[in-house]
Amino acid sequence: DSRITYSLTIVISLIIGLAIGIWVSGKHFSKTQSSKQISAISLPTPKKTHKTQSWQVITIKRGDSLAKIFKHLQIPYRQCRQILQISTAKKYLSAIKPKQQLYFQTDANHNLIALKYPFSEAKTLMIKKNKENFAASIDKKTMTSALLYKSGTIHHSLSQAAREAGLTYKMFRQLKMIFRGHINYNRDLRPGDHFSVLYREYYVDGKKYEPGDILVA
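Report on the accompanying structure. (Residues numbered from 1 in each chain as written. Predicted model: local features only at pLDDT ≥ 70, side-chain atom pairs only at ≥ 80, totals over all residues. Heavy atoms only, no water.)

## Observations regarding the nonpolar core
Ranked by size, the top nonpolar core spans 21 residues in total, and within it Phe70, Ile83, Leu93, Leu102, Phe104 and Leu115 carry the most contacts. When residues of this core are traced back to their parent elements, those giving at least two are helix 2 (66–72), helix 3 (77–84), helix 4 (87–93), strand 2 (101–106), strand 3 (112–117) and strand 4 (123–130). If sequence neighbours within four positions are ignored, isoleucine 83 has contacts with Leu66, Phe70, Ala89, Lys90, Leu93, Leu112, Ile127 and Phe134. Counting 13 residues, the second-largest nonpolar core is a separate cluster that includes Ile154, Met171, Phe172 and Val197. (Core = buried A, V, L, I, M, F, W, Y, C linked by side-chain atoms within 4.5 Å. Buried < 20%, exposed > 50% of the residue type's maximum accessible area, 1.4 Å probe, protein only. Helix = DSSP H or I, 4+ residues; strand = E, 2+ residues; numbered from the N terminus. Contact = heavy atoms within 4.5 Å.)

## Focus: helix 5 (residues 158–165)
Along helix 5, the residues that are buried comprise Leu158, Ala161, Ala162 and Ala165. Down the axis, helix 5 shows its buried residues gathered within 100° of arc, on one side only. For helix 5, the exposed residues set more than 90 degrees away from the buried face come down to Arg163 and Glu164. Tucked inside the fold, the buried residues of helix 5 contact strand 6 (143–153), helix 6 (169–179) and strand 7 (194–204). (Arc of directions from axis to C-beta.)

## Section: the packing of helix 5 against helix 6
Where helix 5 meets helix 6, the closest approach of the two axes is 10 Å, and the angle between their N-to-C directions is 130°. In terms of orientation, helix 5 lies oblique with respect to helix 6. Between helix 5 and helix 6 the crossing geometry is right-handed. Across the interface between the two elements, Leu158, Ser159 and Ala162 of helix 5 pack against Phe172, Leu175 and Lys176 of helix 6. Class assignment of the residues belonging to the contact of helix 5 with helix 6 gives a composition of 4 nonpolar, 1 polar and 1 charged. (Axes fitted to C-alpha atoms, helices over the stretch in contact; angles between N-to-C directions. Parallel < 35°, antiparallel > 145°, perpendicular 65-115°, else oblique. Left-handed = near helix turned anticlockwise from the far one by under 90°. Nonpolar A, V, L, I, M, F, W, Y, C, P; charged D, E, K, R; others polar.)

## Thoughts on the side chain of glutamate 201
Within the element layout of this structure, glutamate 201 appears in strand 7. A distance of 2.9 Å separates polar atoms of two side chains, one belonging to glutamate 201 and the other to tyrosine 203. Excluding anything up to four places from it in sequence, glutamate 201 contacts Thr144, Ser145, Ala146, Leu148, Lys208, Glu210, Pro211 and Gly212. (Polar contact = N/O pair within 3.5 Å; in protein donor to acceptor, adjacent residues only side chain to side chain.)

Dropping the structure here:
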């Protein structure tokens, strides 16, 4: 009986020891898994972003001036004076027309950062702040060109024939200059006289921009 009791005591001790070992291992595994899970869902440090200032578009109305527009946008008048002291800026901004547009970038205190004025389809006046002053430049779009041919027949006058042929006033003046000294336009021209011109035409973004000079007539 004592042997049986001793054996049972050993078995029970082994079972208790095994149970304690399993419980301790389980606690350690649980902590490890929790640590892994916490590590897995940790959020990355957000990156710093710089906000890009958007352009404010002003459509010019009749009677508008640069000073009046600056006042409307609460931009300091001294900055208007600074810009108009730049000869390139003054040349174009003093001749703004209704329905044209000006683009402004300002900071939170209404100080001017940049001004953009597309005064033609191919050219834009750009003004940017440079420390305490401003700098002006002209941005030009890439232009393509093509050689074109036009001709006309005089029935009444050279000017009428030029209009009917599709020549611009600039091209008509060039045509007269080319033959000046060779033709007396009051005496030598006759109904049925014919002229032809080869000229260059320019395009911006695939659209007709302007005719160039006559190359051959």
